[in-house]
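# Residue-level structural notes
Below are the chains, spelled out letter by letter.
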Protein chains: 2
Amino acid sequence: MTLRGPRVSRRGLLGGAAGLGLAGVAGAGLAGCASPAPGAQTVPFYGEHQAGVSTDVQDRLAFAAFDVTSADRSDLIGMLRTWTAAAEAMTRGVRVPGESDAQQVPPADTGEAIGLPPSELTVTIGFGPKLFDQRFGLAPHKPPQFTDLPDLPGAILDPTRTGGDIGIQACANDPAVAFHAVRNLARLGKGTAVTRWTQLGFGRTSSTGTNQQTERNLMGFKDGTRNIKSNDGQALDEFVWVGDEAGQRWMKGGSYLVARRIRMFVEAWDRDVLSDQESVFGREKYTGAPLTGKDEFDTPDFAARGPDGELVIPERAHVRLAAFENNRGLRILRRGYSFTDGIDPETSDLDAGLFFISYQRDPMQFITLQRSLGSRDRLNEYVRHVGSAVFACPTGVPDATHYWGQPLFEA
Amino acid sequence: MTLRGPRVSRRGLLGGAAGLGLAGVAGAGLAGCASPAPGAQTVPFYGEHQAGVSTDVQDRLAFAAFDVTSADRSDLIGMLRTWTAAAEAMTRGVRVPGESDAQQVPPADTGEAIGLPPSELTVTIGFGPKLFDQRFGLAPHKPPQFTDLPDLPGAILDPTRTGGDIGIQACANDPAVAFHAVRNLARLGKGTAVTRWTQLGFGRTSSTGTNQQTERNLMGFKDGTRNIKSNDGQALDEFVWVGDEAGQRWMKGGSYLVARRIRMFVEAWDRDVLSDQESVFGREKYTGAPLTGKDEFDTPDFAARGPDGELVIPERAHVRLAAFENNRGLRILRRGYSFTDGIDPETSDLDAGLFFISYQRDPMQFITLQRSLGSRDRLNEYVRHVGSAVFACPTGVPDATHYWGQPLFEA
């Protein structure tokens, strides 16, 4: 789904080439060799959909949730205009627009990413349910089903890692590029919005690309195998992109982002025997194959029974409970990352796990699946949801004359 | 300095090729094309020196400090034996030795790095001053100058990010590989040692390789330009590797690691004008050149004065105060990483900065430089040292019959 531009380095553009068409550079110097350095490419910012949803999942994540501190609608719109231009520039690998070379002003860009390639950076915005309160006159445009997520089984939420008026997902193959994006938006938002929480993800656990390997989660398992792929337009339209639903034209082509900070009790998990770990997931650990198959991508046979008459994929195995076959066909697009944030001071255990992100056409898709998993999934012995947020990610920005969420403010 | 083996994937070795010689694979499939995927290679674990000191700096860091909870010397030695074998296997990209395929035992390896290439992983160990107390009979072998770092200007230390009996530095080009190493050592140490603190570094800020670019720190500046290089054997011998100093034969070929968690007040920094930022560092922001030069690698001219008669590189500029020319020739090998750990709950500012690591033949080298910087460096307005540790990293492990620090325990 994602079209890629040629490799363009921030450094190369310092010389003033930013305004030139870039198409002429494509492929130069690469003839005869396999492919350009992975991650050097540019993902276009403008389009029907925001980038960063169906885009092939990049390796690293920086996520930030913001609270809007100004109650002035024009401040909010002004920030979104500034953010849009900055995000678009950063995805091309050039500096945040504004004065950067004048000696007597603070540089417009914080500078730490100068010289780094675009690294497939995508910056994706979403609006939290609270943004639609009385402050900005947005209440009439709030889709009726768009509220904070209900209490769900398996969750003990930390309010300092939950919620937010605005969410920013920055993904890139270089973590410095992803962090730079979030940091610069936070800086540009000063006076209008304050950072509520942030999360770094050091390794992707899902893939959406058709030739991307599935990476393992911190339990050592492949759990993103049956994800929606970026070339599966039908599934994207059915399960990910908002269509012509009544009352949310500003969301057409957008999607709902659910984020859950899922702490894994890795110390307990690591004491479990291999056979039990495999029956918790319903997959072989090393090959990633379902317990009824030989290869990672074999379709699980949920009806298969062993010589003892028992189900080969146990009744409460994660792969069974999460499968669309067992959820009336319901699917979501997963885009989660492994995280670690040091030591839990209460237990001296690692504070580590999965920063789960999913995109869906309606938050109810996630809620339904999580209710199915939350009450029965054997994985629950080893995980706890400790942070949560939901954001409505509006339609894509068509070109440089528009800003993020403009159709909402002009609705 | 660092010899590299061929690309070897964890996945490739699962089939049982681990015991075969690997030299035959070298270069296969790469003929005609530039170079293998960066970061896929293996850095040898065994050698005169520990890897991870003069090794070309990898992109990502996972660091952990441990407290030894057992007071039994044989437990400590047993853990070091286990750790050595595990670290050596992980640097080859194979699983932690032990039972991993048996169904009725917990896997020996936590598994999340299976399928990832070695990614130039190095695992480096150091012993803290406290390890030489009465517990393990090591007091007679403590080098006289090896104590906790004294109070230094610019530091307000958090005890939960300071000290430790043992330090483990894991560096790799894939953060998941670095984290996997630290996590598995923590797990293998259970019952003998407990993790005291950890730190992830997402981007290197120094280089030691002769053809490595200098990466920028979170202030947007290049500050590792004049580092000791991995091919400068004379400087390494003079400033980094312990030689025949009396009373520390177990440290011969080793080095002292200083770690400082340096919080940067990036919000205040970002409000400073470009010219002032440049005079704080004594370098141009965009080119990285000293204010007396045109190119990053030009030698600073500390005597040069402008038309106004003022020093071009100001008296309190960081590059001047840190320069060996102004510190009686004193040098250290820097190996620091940028970090961010979310939001400071007190200020809502980003908790971000530099996890400074340096290696030196004697901790006094760092202390001397930091005293010089700490009292006068203009950078101090924007940084604070909030964590600190010093570790004695013993001589290298020659082969599989030895373990980390063995000469200390047999001294």
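Coordinates for the structure precede this section.
Let me sum up the structure you'll find in this document.

Reading guide: rules and limits
- Residues numbered from 1 in each chain as written.
- Chains lettered and ligands numbered in written order.
- Predicted model: local features only at pLDDT ≥ 70, side-chain atom pairs only at ≥ 80, totals over all residues.
- Helix = DSSP H or I, 4+ residues; strand = E, 2+ residues; numbered from the N terminus.
- Buried ≥ 20, exposed ≤ 12 C-beta atoms within 10 Å, placed from the backbone.
- Least-squares fit on C-alpha atoms with pLDDT ≥ 70 in both.
- Contact = placed C-beta atoms within 7 Å.
- Axes fitted to C-alpha atoms, helices over the stretch in contact; angles between N-to-C directions.
- Parallel < 35°, antiparallel > 145°, perpendicular 65-115°, else oblique.
- Left-handed = near helix turned anticlockwise from the far one by under 90°.
- Nonpolar A, V, L, I, M, F, W, Y, C, P; charged D, E, K, R; others polar.
- Core = buried A, V, L, I, M, F, W, Y, C linked by C-beta atoms within 7 Å.
- Expected span 1.5 Å × (residues − 1).
- Pairing = 2+ DSSP bridges.

In this section: unusual backbone geometry. Backbone geometry places A:Glu120, a non-glycine residue, at a positive phi of 60°. Take A:Glu120: it is sitting in the loop between helix H2 (73-91) and strand S2 (122-127). Exposure remark for A:Glu120: the 27 C-beta atoms within 10 Å place this residue in the buried category. Despite not being glycine, B:Arg328 shows a phi value in the positive range, around 45°. Residue position: B:Arg328 is located in the loop between helix H7 (318-322) and strand S7 (333-334).

The next thing to look at is the relation of the copies chain B and chain A. Under the fitted operation, chain B is carried onto chain A by 0.0 Å of movement along the axis and a turn of 180°, and the coordinates agree to an RMSD of 0.0 Å. Look at the turn and shift together and you get a two-fold axis relating the two. The fraction of interface residues of chain B whose copies in chain A are also interface residues reaches 100%, indicating that both copies meet through the same surface.

Residue and element names in this part refer to chain B. Their axes nearest at 10 Å, the elements helix H2 (residues 73-91) and helix H3 (residues 175-188) cross at an angle of 155°. With respect to their mutual orientation, H2 and H3 come out roughly antiparallel. Judged by the twist between their axes, the crossing of H2 over H3 is right-handed. Between H2 and H3, the residues in contact are Thr82, Trp83, Ala86, Ala87 and Met90 and His180, Ala181, Asn184, Leu185 and Leu188, respectively. Residues that form the contact of H2 with H3 fall into these classes: 7 nonpolar, 3 polar and no charged.

Our focus in this paragraph is the nonpolar core. What tends to happen in soluble globular proteins is that the nonpolar side chains get buried as a cluster. Judged by nonpolar contacts, the single largest core of 211 residues is most densely connected at A:Ala178, A:Ala181, B:Ala178 and B:Ala181. If sequence neighbours within four positions are ignored, A:Ala181 has contacts with A:Ala62, A:Ala87, A:Met90, A:Leu121, A:Val123 and A:Ala170.

This next bit is on the interface of chain B and chain A. Taken together, the 48 residues of chain B in the interface contact 48 residues of chain A. The residue inventory of the side of chain B that touches chain A, partitioned by class, reads 22 nonpolar, 17 polar and 9 charged.

It is worth spelling out the environment of A:Gly353 at this point. All names here are of chain A. Checked against the element boundaries, Gly353 lands in strand S9 (residues 350-360). Residue class for Gly353 comes out buried when judged on the 26 C-beta atoms lying within 10 Å of it. Distance in space between the C-alpha atoms of Gly353 and Phe265 is 7.8 Å, their sequence separation being 88 residues. Setting aside anything within four residues of it in sequence, one finds Gly353 in contact with Leu218, Ile262, Arg263, Met264, Phe339 and Val383.

Taking 1.5 Å per residue, 15 residues should reach 21 Å; helix H3 (residues 175-189) of chain A reaches 21 Å between its end C-alpha atoms and fits that length. At the C-terminal side of H3(A), A:Gly191 shows a positive phi close to 95°.

Turning our eyes to something else, we now look at the environment of A:Glu245. Residue and element names in this part refer to chain A. If you trace the backbone, Glu245 turns up in the loop between helix H4 (233-240) and strand S6 (255-264). When the 14 C-beta atoms within 10 Å are taken as the criterion, Glu245 is described as partly exposed. C-alpha of Glu245 to C-alpha of Thr287: the two residues are 42 residues apart in sequence and 41 Å apart in space.

Residues and elements named next belong to chain B. Judged by how many residues are buried, strand S9 (residues 350-360) sits mostly within the fold: 10 of 11 residues are covered. Summarising the sheet, strand S6 (residues 255-264) and S9 pair through 8 bridges and their orientation is antiparallel. Residue Ile262 lies in a different strand from S9, and its bridge partner there is Leu354. Where S7 and S9 come together, 2 bridges link them in antiparallel fashion. By the bridge assignment for S9, Leu333 is matched with Tyr359. Pairing of strand S8 (residues 337-343) with S9 involves 5 bridges; the strand directions are antiparallel. In the sheet register, Ser338 faces S9, and the bridge partner there is Leu354. Counting the residues that bridge the hairpin from S8 to S9 gives 6 residues, and of these Ser348 lies at a positive phi of roughly 65°.

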